[in-house]
Amino acid sequence: MAKVVLVLYPDPVKGFPNFPDDYARDSLPAVPDYPNGQTLPNPKGIDFTPGALLGSVTGELGLRKYLEDNGHELVVTSDKDGEDSVFERELVDADIIISQPFWPAYLTAERLAKAKNLKIAVTAGIGSDHVDLTMANDLGITVAEVTYSNSHSVAEHTVMQVLVLVRDFVLQHKISADGGWNIADAVERSYDLEGMDVGIFAAGRIGRAVIERLAPFGVKLHYNDRFRLPAEYEQKYHLQFHESINELVKHVDVLTVHAPLTDETTGLLNDDLLGTMRRGSYIVNPARGAIAEADAIVRALESGRLAGYAGDVWAPQPAPADHPWRTMAHNAMTTHTSGTSLSAQAKYAAGTREILECFFEGREIRPEYLIVQGGDYAGTGAHSSAEQR
Ligand code: NAP
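Heads up: these notes are all about the structure in this document. Here the structure is a predicted model, which is why all the values come from computation and not from measurement.

Conventions adopted
Residues numbered from 1 in each chain as written. Predicted model: local features only at pLDDT ≥ 70, side-chain atom pairs only at ≥ 80, totals over all residues. Heavy atoms only, no water. Pairing = 2+ DSSP bridges. Helix = DSSP H or I, 4+ residues; strand = E, 2+ residues; numbered from the N terminus. Contact = heavy atoms within 4.5 Å. Axes fitted to C-alpha atoms, helices over the stretch in contact; angles between N-to-C directions. Salt bridge = Lys/Arg side-chain N within 4 Å of Asp/Glu carboxyl O. Buried < 20%, exposed > 50% of the residue type's maximum accessible area, 1.4 Å probe, protein only. Expected span 1.5 Å × (residues − 1). Right-handed = clockwise from strand over helix to strand, strands pointing away. Polar contact = N/O pair within 3.5 Å; in protein donor to acceptor, adjacent residues only side chain to side chain.

**Some points on the sheet that holds strand β14 (residues 376–377)**
Link 1 in the chain: Reading across the sheet, the seven strands line up as β2-β1-β3-β4-β5-β13-β14 and stay open at both edges, with mixed pairing between neighbours. Sheet topology places β2 (73–77) and β14 at the edges, where each strand pairs with a single neighbour.
Link 2 in the chain: Of the strand pairs in this sheet, strand β3 (residues 96–99) and strand β4 (residues 120–123) are connected by four bridges, and their pairing is parallel. Looking at β4, one finds that Ser99 is bridged to Thr123.
Link 3 in the chain: Of the strands in this sheet, β3, β4 and β5 (142–145) are in contact with helix α14 (residues 342–361), which crosses β3 at around 170 degrees.

See the structure below:
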């Protein structure tokens, strides 16, 4: 019997919804497997209705029945910060901890050291930078995440935020909601995306999905990544490769950011780099908040170097109520929702269940889900992150 501690974001303030009456839609459409051939999460079973809220405390990622039927204990909480938090208390004898990037239960070195029984830390989503991976390695704790589960969700959100910024949707919607019709004011900062140079920083799963979704808009696409994409892919999307992010940002009107948070990418979007961008550039960063220096972004918006900034990731999370990005001019921020649409929740909940089934049944967890295993980086972790952490 194992003790599973699951940290999820709080329920809706108006109460947990009943399915389907309280939902906008009755079901989710079927979607194909991922473009690289990876299959969708495929657990032996699920005990939830796809399209229902799973990512908050009462949703429990649909795991309670499965875990309790198999004799395990499940503790679910959103109380994750500070010495007196439920998470801090419960982690000491947890065998499994499941957390989310959206409401990160930071698994610091101290917490990992306290969690003497911990065997596996699962990220229900993508991005395990809230886990101290060096310590996880030292302690032989497995870290796994549901690779690809919400990549397309984030890519859609990115495209939306690019359009929201370039067309200046937020102001236009406000004028409409306020009962106005002042068109000249509404279009003062509104442009077409067509013809613009768009730079993709890191062309991994999300970055490539953004490339593929933006190409039909008639933009000129540029990118930087540690490794070049295959020539036929570059040709298909008329992609211009730049050797560094420094070169990339000089040549674009819109920059989208899709790199993991590592030592190399922390604070990358700083005054120096922003100062080399074209006047009136836009940045959309759904990767990690700490890739940008918060105050440098504010300064660049004030000076006009940036015409807009959007994204849905912050540092820390949740962001304090007075975080400057909430109120800075020309922002279109969201609160880390891009990867946790109801559609995404169905995928990462199923992927979490798949990882748990593998763990309990002694089957191998798919390499694409593995970040750290047996004291070393493994699978996806070994490929894309190990050298940098
Ligand atoms: P991915 O497939 O692993 O792609 C990451 C890409 O970044 C890889 O192509 C990697 O190159 C490249 N890269 C790493 N360090 C770089 C550097 N210093 N310079 C240039 N390129 C670099 O990951 P993904 O699924 O696209 O996700 C990307 C990030 O988005 C995640 O790490 C996570 O932080 C964030 N994310 C956010 C949300 C959300 O809800 N907002 C959801 C999912 C993910 P190589 O593979 O060649 O090493």
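**Brief notes about the sheet that holds strand β11 (residues 306–311)**
Link 1 in the chain: Strand order in the open sheet made by the seven strands is β8-β7-β6-β9-β10-β11-β12, with parallel pairing throughout. Either end of the sheet is taken by a strand with one partner, and the two such strands are β8 (240–241) and β12 (331–333).
Link 2 in the chain: Contacts between helix α5 (residues 151–166) and the sheet are confined to β9 (254–257), β10 (281–285), β11 and β12, with β10 contributing the most and set at about 155 degrees to the helix.

**Overview of the pattern of salt bridges**
Link 1 in the chain: Counted by the stated rule, this structure contains 24 salt bridges.
Link 2 in the chain: Measuring nitrogen to oxygen at the nearest pair gives 3.1 Å for the salt bridge that ties Lys80 to Asp81.
Link 3 in the chain: A relative accessible area of 1% places Lys80 in the buried class.
Link 4 in the chain: Each of Lys44, Asp47, Arg353, Glu357, Glu361 and Arg363 takes part in one network of salt bridges that share partners.

**Considerations on α5**
Link 1 in the chain: Given a rise of 1.5 Å per residue, 16 residues ought to cover 22 Å, and the 23 Å separating the end C-alpha atoms of α5 matches this to within 8%.
Link 2 in the chain: Within the sequence span of α5, burial applies to Ser151, Ser153, Val154, Ala155, His157, Thr158, Val159, Gln161, Val162, Val164, Leu165 and Val166.
Link 3 in the chain: Positive backbone phi, approximately 60 degrees, marks Asp168, located one or two places after α5.

**Observations regarding the pairing of strand β13 (residues 370–373)**
Link 1 in the chain: Looking at chain direction, β5 and β13 are connected through two bridges and run antiparallel. Each residue of the ladder has a partner; that of Ala144, found in β13, is Leu370.
Link 2 in the chain: Sheet topology note: the β13/β14 ladder contains two bridges and is antiparallel. Following the sheet pairing, Gln373 is matched in β14 by Asp376.

**Quick look at the pairing of β11**
Residues in a regular strand point their side chains to alternate faces of the sheet.
Link 1 in the chain: Of all six residues making up β11, six are buried, and the element is well covered by its neighbours.
Link 2 in the chain: Relative to β11, β10 runs parallel, the two being bridged by five bridges. From the neighbouring strand, Tyr282 faces β11, where its bridge partner is Gly308.
Link 3 in the chain: As for the winding sense of the linkage, the β-α-β connection from β10 through helix α12 (residues 294–303) to β11 is right-handed.

**With respect to the side chain of Arg288**
Link 1 in the chain: Structurally, the position occupied by Arg288 is in the loop between β10 and α12.
Link 2 in the chain: Take Arg288: its relative accessible area is 13%, and that puts it in the buried class.
Link 3 in the chain: Here the side chain of Arg288 touches Ile126 through a polar contact of 3.1 Å, landing on its backbone oxygen.
Link 4 in the chain: Apart from residues no more than four positions distant in its own chain, Arg288 is found in contact with Pro101, Ile126, Gly127, Asp129, Leu261, Val313 and His336.

**Thoughts on the environment of Trp325**
Link 1 in the chain: The topology assignment puts Trp325 in helix α13 (residues 324–327).
Link 2 in the chain: Linking Trp325 and Ile297, residues 28 residues apart in sequence, is a C-alpha distance of 8.4 Å.
Link 3 in the chain: Discounting chain neighbours no more than four positions away, the residues touching Trp325 are Gly289, Ala292, Ala294, Ile297, Val298, Tyr309, Val313, Trp314, Asn331 and Met333.

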